Amino acid sequence: QLQLVESGGGSVQPGGSLRLSCAASGSTLDYYAIGWFRQAPGKEREGVSCISRSDTYTNYADSVKGRFTISRDNAKNTVYLQMNSLRPEDTAVYYCAARRFSPPLNWYSLMEYSYWGQGTQVTVSS
């Protein structure tokens, strides 16, 4: 069974950067589209970014466009989320999710993904 483990979270000051990693085990990520989601306290989980299996297409929420970059290294069975120019409103638990076979019709929908990691905390504050 596919398992996903997020890492790379931490506390940074506004304007700082972090790179999150989503490491897979139990199966190869070659067959999966990968999405990044986040959930702040008291808020619903929201889509941040998504990358296709073939690395042909990427999607970003408007709130992170130009600041975040998603990438994948199938040889390492890992997907990354580079986060630059971080803002306090980026504070959340970040989750990696995977969808097998067909790409998600609505990449931002939680229902499109079958596998989830446990999340990693990102805190942006002074």
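Please read these numbers as outputs of a predicted model, since none were measured by experiment.

A. Layout of the sheet that holds strand β1 (residues 3-7). Strand order across the open sheet formed by four strands is β1-β3-β8-β7, with antiparallel pairing between neighbours. In the strand order of this sheet, the two ends are held by β1 and β7 (68-73), each with one partner. Strand-to-strand twist across the sheet, computed as the mean angle between neighbouring axes with direction ignored, equals 15°. With six bridges connecting them, strand β3 (residues 18-25) and strand β8 (residues 78-83) associate as antiparallel partners. When the bridges of β8 are listed, A23 appears paired with T78.

B. Structural detail: the pattern of salt bridges. One pass over the full model with this rule turns up five salt bridges. Across the pair K65 and D62 runs a salt bridge, and its minimum N-O distance is 3.1 Å. With respect to burial, K65 and D62 carry one shared label: exposed. A salt bridge links D90 to R67; the nearest nitrogen and oxygen atoms lie 2.7 Å apart. You can see D90 sitting in the loop between β8 and β9 (92-100) and its partner R67 sitting in the loop between β6 (58-60) and β7, a full 23 residues away along the chain.

C. Up close: the environment of E6. Tracing the backbone through its elements, the reader meets E6 in strand β1. Among the polar contacts made by the side chain of E6, one reaches the main-chain amide nitrogen of C96 at a distance of 2.7 Å. Reaching out from E6, the side chain makes a polar contact with the backbone nitrogen of G119 at a distance of 2.8 Å.

D. Highlighting the nonpolar core. Ranked by internal contacts, the top residues of the largest apolar core, which has 33 residues, are W36, L81, M83 and Y94. For this core, the elements supplying multiple residues, two or more each, are β3, β4 (32-39), β5 (46-51), β7, β8, β9 and β11 (120-124). Sorting elements by how many residues they give to this core places β9 first, with five residues.

E. Fine view of the side chain of R38. Along the chain, the position of R38 falls in strand β4. Taking the relative accessible area as the measure of exposure, R38 reaches 5% and is therefore buried. Polar contacts involving the side chain of R38 include one to the side chain of E46, which spans 2.8 Å. Separated by 2.9 Å, the side chains of R38 and Y94 make a polar contact. Not counting the four nearest positions on each side in its chain, R38 is found in contact with E44, R45, E46, V48, S63, V64, F68, E89, D90, A92, V93 and Y94.

Scoring rules and cut-offs
- Residues numbered from 1 in each chain as written.
- Predicted model: local features only at pLDDT ≥ 70, side-chain atom pairs only at ≥ 80, totals over all residues.
- Heavy atoms only, no water.
- Pairing = 2+ DSSP bridges.
- Helix = DSSP H or I, 4+ residues; strand = E, 2+ residues; numbered from the N terminus.
- Axes fitted to C-alpha atoms, helices over the stretch in contact; angles between N-to-C directions.
- Salt bridge = Lys/Arg side-chain N within 4 Å of Asp/Glu carboxyl O.
- Buried < 20%, exposed > 50% of the residue type's maximum accessible area, 1.4 Å probe, protein only.
- Polar contact = N/O pair within 3.5 Å; in protein donor to acceptor, adjacent residues only side chain to side chain.
- Core = buried A, V, L, I, M, F, W, Y, C linked by side-chain atoms within 4.5 Å.
- Contact = heavy atoms within 4.5 Å.

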